Amino acid sequence: KYYNNRMLEQKEIAKRVLCNMFNIKESDIVFMKSRKYNINEARRYYMYYLFWHKKVKHNHMKEHVFGVHHTTSMHHVKRMRDMIENYSDIRERFIYFIFQTDMLEWEKMKTDKIYTMNELLKPLNIIKNEN
């Protein structure tokens, strides 16, 4: 039960952070109605986060993003992974998203050493400069 409550809470936070990052509404993320660039990108971040960080399988993504087919989920997750690997600005934005959304996942990223410490600490510098 704790896991389910935490998952729901993290999903809500993730949607809120993405709405602020991409200047969209929550419904844009959870309903497959638009293909506008910023909406598609936010949805891609969301599905990638759910798949890799919350262990939501492609077949179950439709319970989180209404109207998405499992092959569409596979496409978005693969595309996001490729973008994170190949584009430092996307990697930086995704780390910022994780930092704002789920501190436990951000801490886990530090111990997993997938990203450099400089990459992981950049969100702290961004937030410090905003204040």
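Residues numbered from 1 in each chain as written. Predicted model: local features only at pLDDT ≥ 70, side-chain atom pairs only at ≥ 80, totals over all residues. Heavy atoms only, no water.

**Notes on helix H4 (residues 70–86)**
When the terminal C-alpha atoms of H4 are compared, their 24 Å separation across 17 residues agrees well with the 24 Å that a helix rising 1.5 Å per residue should span. For H4, the set of buried residues is Ser73, His76, Val77, Met80, Met83 and Ile84. The buried side chains of H4 occupy one side of the element, clustering within an arc of 130° when seen end-on. Away from the buried face of H4 by more than 90 degrees, exposed residues Glu85 and Asn86 are located. Against helix H3 (37–53) and helix H5 (88–101) lie the buried residues of H4. (Helix = DSSP H or I, 4+ residues; strand = E, 2+ residues; numbered from the N terminus. Expected span 1.5 Å × (residues − 1). Buried < 20%, exposed > 50% of the residue type's maximum accessible area, 1.4 Å probe, protein only. Arc of directions from axis to C-beta. Contact = heavy atoms within 4.5 Å.)

**Topic: helix H6 (residues 103–112)**
Those residues of H6 that fall on the buried side of the exposure criterion are Glu105, Trp106 and Met109. All buried residues of H6 fall inside an arc of 105° around its axis, so they share one side. Those residues of H6 that are exposed and angled more than 90 degrees off the buried face are Leu104 and Thr111. The positive-phi residue at the C-terminal boundary of H6 is Lys113, with phi of around 55°.

**Focus: the layout of surface pockets**
Counted as a void, the largest pocket has a volume near 270 Å³. Forming the walls of the largest pocket are 13 residues, and the residues nearest its centre are Tyr48, Trp52, His53, Ile114 and Tyr115. Broken down by secondary-structure element, the contributors of at least two residues to the lining of the largest pocket are H3, H4 and H6. Take the lining of the largest pocket: its biggest share by element is four residues, from H6. (1 Å grid on protein atoms, 1.4 Å probe; cavity = no way out; pocket = protein on both sides within 12 Å on 5 of 7 lines; lining within 4 Å. Points joined across faces, edges and corners; volume = space filled by probe spheres on them.)

**Brief notes about the pattern of salt bridges**
When charged atoms on two side chains of opposite charge get close, those side chains can pair. Scanning the model with the defined rule gives eleven salt bridges in all. Residues Lys15 and Glu26 are paired through a salt bridge, measuring 3.3 Å at the closest nitrogen-oxygen approach. Highlighted residues: Lys15 in helix H1 (residues 2–22) and Glu26 in helix H2 (residues 26–30), separated in sequence by eleven residues. Accessibility expressed as a relative area gives 6% for Lys15, which makes it buried. Assessed through its relative accessible area of 36%, Glu26 is described here as partly exposed. Note that Asp112 and Lys108 form a salt bridge whose closest N and O atoms lie 3.1 Å from each other. Of this pair, Asp112 and Lys108 both sit in helix H6, four residues apart, roughly one helical turn. Lys108 sits in the partly exposed class, given a relative accessible area of 41%. Linked by salt bridges that have partners in common, Arg6, Lys54 and Asp102 make up one network. (Salt bridge = Lys/Arg side-chain N within 4 Å of Asp/Glu carboxyl O.)

**Looking at a nonpolar patch on the surface**
Together, Met117, Leu121 and Leu124 make up an exposed nonpolar region whose accessible area comes to about 240 Å². Assignment of secondary structure puts Leu121 in helix H7 (residues 117–130). (Patch = residues over 30% accessible without salt bridge, like charges linked within 9 Å, V, L, I, M, F, W, Y side chains within 5 Å. Areas by Shrake-Rupley, 256 points an atom, 1.4 Å probe, with all protein chains shown as cover.)

**Side note on unusual backbone geometry**
One non-glycine residue, Lys55, adopts positive backbone phi at about 60°. Among the structural elements, Lys55 can be located in the loop between H3 and H4. On the basis of relative accessible area, Lys55 is assigned to the exposed category, the value being 56%. The phi angle at Lys113 is positive, at roughly 55°, despite the residue not being glycine. Tracing the backbone through its elements, the reader meets Lys113 in the loop between H6 and H7. Exposure remark for Lys113: the relative accessible area of 68% places this residue in the exposed category.

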